[in-house]
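An overview of the molecular structure
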Amino acid sequence: MFDHLRLPLICAPMFLVSDPQLVIAACKSGIVGCTPTLNIRNAEELRQWLETIEAERKATLAAGQVFAPYGINIVLHTTARDRNIADLDLCEEYAVPLIATSVGDPASVVERVHQWGGKVIHDAITLRHARKAAAAGVDGIVLVCAGAGGHGGHLNPFSFLPLVRAFYDGTLILAGGIGTGAGMRAAQVLGADYIYMGTRFIGTQEAQVSPHYKELLLSSEPDDIIMTSALSGIPANYMHASLLEAGIDIEALPQGRVIQKLPLPEGKTPWRDIWSAGHGVGMISDLPSVEELVQRLEQEYQLAK
C-alpha cells in the first residue's frame with residue numbers, strides 16, 4: 001500500500017489522543033501517523049491541523065529527511081453526514097494519502113479518495129463487517145481484534161485474519177494487543193500486511209494526554225482492562241483504575257459484549273475522565289519519544305525476523 005516505510009506500522013488514530021504533534025512524530029520516524037476527525041471541532045480546525053502537518057512534511061522532505069504518509073480517520077455515521085462531506089472536501093484539497101474509515105459503508109468514500117490518488121482502509125470487528133468493506137472496494141481492512149484499545153473487537157486474530165484472507169486479497173492491517181516488534185513480526189507470519197498500534201503510542205513523550213493517564217498506563221496490566229458498553233453504548237476497553245477514580249461501580253457494569261449504556265457520575269464523560277487502553281498496556285514500562293520507541297520496535301522486529 002505504501003512503499004519505503006521503516007516498519008509496516010500505523011500509529012492508530014486515537015480519540016482525544018492523536019493530534020498533529022503525534023502524527024508528525026510518527027511520520028518523521030518512518031511510520032504512518034493517523035488522527036481522527038473526532039478530535040477536531042469543525043472543518044476549519046481540520047484545515048489548521050492539515051496545514052501544520054503539511055508544512056512540517058514539506059520542510060522535512062526539503063531537508064532530505066524521511067516523512068512517511070499520514071492519514072485522517074473519518075467515522076461514517078449518518079448523523080455526521082454534513083461534517084463528513086466538509087472533512088472530505090478538505091482531505092481532497094490537501095490530497096491526504098490515507099483515509100481510515102469506520103462505522104458505515106465506505107463505498108462512496110472509496111470512489112472519491114481514489115480520484116485524488118489516496119488509499120482507503122476500513123475498520124472491521126466481525127466477518128460481516130469485513131465482507132462489506134471488501135465489497136466496497138477498500139484498499140485495506142483493519143481487523144480490530146480482542147484486546148484492542150477503545151472500541152475493540154472480540155475475535156481472536158488466529159481465526160479472524162485467516163478467515164478474512166480466504167475471501168479478500170487486499171491489504172490486511174491487524175489491531176489488538178500488539179506492542180512489540182516481535183508481535184509485529186508474528187502478525188505478518190499470520191498473514192497481516194501492516195500493524196495498527198495505538199496503546200503503546202499513548203505512552204510516549206509526544207502524546208498530549210494527562211500525566212496521570214500515562215501513570216496508569218505504566219501501572220496497568222491486561223487483567224486491569226475492562227470491556228464495557230456502559231459508557232458509550234458500544235463495547236470499549238478501559239483501565240480499571242480509571243473507572244474507579246471516576247466513581248464507577250465496577251460490579252454494576254455490563255461487561256463483554258452486553259450492550260447497555262448506563263448513566264455516569266455527574267460531570268464525568270468517557271475518555272476525558274475515564275481512560276482507554278488495550279491489552280498491550282502491560283508492555284509499557286517507560287515513556288520514550290516516538291523516535292526512540294520506533295527504534296526499539298525496529299530492533300525487536302529485525303531480531304524476530
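So, here's what we can say about the structure.

Turning our attention to the pattern of salt bridges. Across all of its chains, the model carries 13 salt bridges by this definition. Measuring nitrogen to oxygen at the nearest pair gives 3.1 Å for the salt bridge that ties arginine 6 to glutamate 291. On the criterion of sequence distance, the pair formed by arginine 6 in the segment before strand S1 (9–11) and glutamate 291 in helix H11 (residues 290–304) is long-range, its members being 285 residues apart. Take arginine 6: its relative accessible area is 26%, and that puts it in the partly exposed class.

Summed over all chains, the structure comprises zero disulfides. With no disulfide of its own, cysteine 11 lies closest to cysteine 34 among cysteine sulfurs, the gap being 8.5 Å. Free of any disulfide, cysteine 27 has its nearest cysteine sulfur in cysteine 11, 8.9 Å distant.

Once that is clear, we can look at the pairing of strand S6 (residues 140–144). Extensive coverage of S6 is indicated by the burial of five of its five residues. Side chains Gly140, Val142 and Val144 of S6 all project onto a buried face; the interleaved residues Ile141 and Leu143 project onto the opposite face, where all are buried too. Strand direction decides the pairing type here: strand S5 (residues 119–124) and S6, joined by four bridges, are parallel. When the bridges of S6 are listed, alanine 124 appears paired with leucine 143. You can see the chain leave S5, run along helix H5 (residues 127–135) and come back into S6, and the turn it takes is right-handed. Relative to strand S7 (residues 171–175), S6 runs parallel, the two sharing five bridges. Looking across to S7, one finds that leucine 143 is bridged to leucine 174. In this region the chain leaves S6, passes through helix H6 (residues 157–165) and returns to the parallel neighbour S7; the handedness of that crossover is right-handed.

Core analysis: the largest hydrophobic core is formed by 69 residues, its most contacted members being Leu9, Tyr70, Ile99, Ile141, Leu143 and Phe201. Non-local contacts of isoleucine 99, meaning those with residues more than four positions away in its chain, are made with Ile72, Ile74, Cys91, Val109, Val113, Trp116, Lys119, Val120 and Ile121. Listed in part, the 17 residues of the second largest apolar core include Leu98, Ile121, Val142 and Val144.

Here we come to the sheet that holds strand S8 (residues 194–197). Ordered by their spatial adjacency, eight strands build a closed barrel running S1-S2-S3-S4-S5-S6-S7-S8, and the pairing between neighbours is parallel. Direction aside, neighbouring strands of the sheet carry axes that sit 25° apart on average. Of the strand pairs in this sheet, strand S2 (residues 32–36) and strand S3 (residues 70–75) are connected by four bridges, and their pairing is parallel. Directly across from proline 36, in S3, lies its bridge partner asparagine 73.

Attention now moves to the side chain of threonine 60. Structurally, threonine 60 can be placed in helix H2 (residues 43–62). Once residues within four sequence positions are removed from consideration, threonine 60 is found in contact with Lys28, Gln65, Val66 and Phe67.

Moving on, we get to the environment of arginine 165. Within the secondary structure layout, arginine 165 lies in helix H6. In the structure, arginine 165 is positioned 35 residues away from alanine 130 in sequence and 10.0 Å away in space, judged by C-alpha atoms. In contact with arginine 165, not counting residues within four places along its chain, are Gly170, Leu172, Gly191 and Asp193. At 3.0 Å, the side chain of arginine 165 forms a polar contact with the backbone oxygen of tyrosine 168.

What counts and what doesn't
- Along each chain, residue indices are assigned from 1 in the same order as the chain's sequence is written.
- The predicted origin of the model limits local features to residues at a pLDDT of at least 70 and limits the giving and counting of side-chain atom pairs to 80 or more, whereas totals for whole chains, interfaces and linings rest on all residues.
- Calculated side-chain values reflect all of the structure's heavy atoms, with hydrogen atoms and water omitted.
- Each salt bridge in this description consists of a side-chain nitrogen of Lys or Arg and a carboxyl oxygen of Asp or Glu lying within 4 Å of one another.
- Under the DSSP-based scheme used, a helix requires at least four consecutive residues in state H or I and a strand at least two consecutive residues in state E, with every element numbered from the N terminus.
- Exposure is judged per residue with a 1.4 Å probe applied to protein chains only, and the accessible area is read against the type maximum: over 50% gives exposed, under 20% gives buried, and values in between give partly exposed.
- Whenever a pair of cysteine sulfur atoms sits within 2.5 Å, that pair is classed as a disulfide.
- A pair of strands is treated as paired once DSSP finds two or more bridges between them.
- A right-handed crossover is one whose linking path, passing over the helix from the first strand to the second, runs clockwise when the strands point away from the viewer.
- Each nonpolar core is a collection of buried residues, namely Ala, Val, Leu, Ile, Met, Phe, Trp, Tyr and Cys, held together in the definition by side-chain atoms within 4.5 Å.
- Residues count as neighbours in contact if any of their non-hydrogen atoms are within 4.5 Å of one another.
- For every element, the axis is a line fit to its C-alpha atoms; helices are fit only across the contacting stretch, and the angle between N-to-C directions ranges from 0 to 180 degrees.
- Between N or O atoms, a polar contact is any pair within 3.5 Å; within protein, one atom must be a potential hydrogen donor and the other a potential acceptor, and residues adjacent in sequence are included only when both atoms are from side chains.

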